[in-house]
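Spelled out from the first residue to the last, the chains are:
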Amino acid sequence: MKAAIIYKSIHHGNTKKVAEVMAASLEADLMDLKDANPDMIKEYDLIGFGSGIYYYRPHKKLRKFVEGLDNVENKKAFTFITSGNGKPNKWLNEKLSKKGFEVLDDFVCKGLDTYGPLKLVGGHNKGQPNKEDLKNAKNFANNLKEKM
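As the structure is a computational prediction, the values presented were derived from the model and not from experiment.

**Student:** It is not clear to me how helix H4 (residues 131–147) should be interpreted in this structure. Could you clarify?
**Tutor:** Turn by turn, an α-helix covers 3.6 residues, leaving residues three or four places apart pointing in a common direction. The end-to-end C-alpha separation of H4 is 25 Å, in line with the 24 Å expected for 17 residues at 1.5 Å each. For H4, every residue scored as buried is listed here: Asp133, Ala137, Phe140, Ala141 and Leu144. Here the buried residues of H4 occupy an arc of 95 degrees about the axis, which is enough to place them on one side. More than 90 degrees from the buried face of H4, the exposed residues found are Lys131 and Glu146. Two to three positions downstream of the cap, the backbone nitrogen of Glu132 sits 3.0 Å from a side-chain oxygen, assigning the N-cap of H4 to Asn130.

Now the structure itself:
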């Protein structure tokens, strides 16, 4: 199985931390979104897509990347997000499914959020993702291997 993880992480590196743990477990190529291109999708059996959540959706550059992908066959994907509220976000799963990906699972992790007035109090979810969150990300990645 050849795997890749494409992520967008900007403010606090929350998503990057999760992506790194998952990539190590999956022995996946890890790519910041700025280094990825749609043609590379053909090279992989499993592709992870991850981002922080902004205004209840993944980062706009990741949305644009996913929307620009060609339809695929026989490709598996997973998604992961970090967010202030820790709630699932279906946008990525739905868009990838419409493109033909079989979305195996999704991972949600709380992350430090300093948006708007939260910045005045030092943010929400300080210290997250923490050691337990990263352990959960590793377990998630290990479970993906079993689904392949």
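**Student:** Is there a simple way to explain the side chain of Lys99 in this structure?
**Tutor:** Along the chain, Lys99 turns up in the loop between helix H3 (91–98) and strand E6 (102–110). An unpaired buried charge is present at Lys99: no salt bridge exists, and Asp70, the closest side chain of opposite charge, is 6.6 Å distant. A polar atom in the side chain of Lys99 sits 2.6 Å from the backbone oxygen of Leu69. Those residues in contact with Lys99 that sit more than four places away from it in its chain are Val66, Glu67, Gly68, Leu69, Asp70, Asn71 and Val72.

Cut-offs used in this document
Residues numbered from 1 in each chain as written. Predicted model: local features only at pLDDT ≥ 70, side-chain atom pairs only at ≥ 80, totals over all residues. Heavy atoms only, no water. Helix = DSSP H or I, 4+ residues; strand = E, 2+ residues; numbered from the N terminus. Expected span 1.5 Å × (residues − 1). Buried < 20%, exposed > 50% of the residue type's maximum accessible area, 1.4 Å probe, protein only. Arc of directions from axis to C-beta. Polar contact = N/O pair within 3.5 Å; in protein donor to acceptor, adjacent residues only side chain to side chain. Lys, Arg positive; Asp, Glu negative; His and termini not counted. Salt bridge = Lys/Arg side-chain N within 4 Å of Asp/Glu carboxyl O. Contact = heavy atoms within 4.5 Å.

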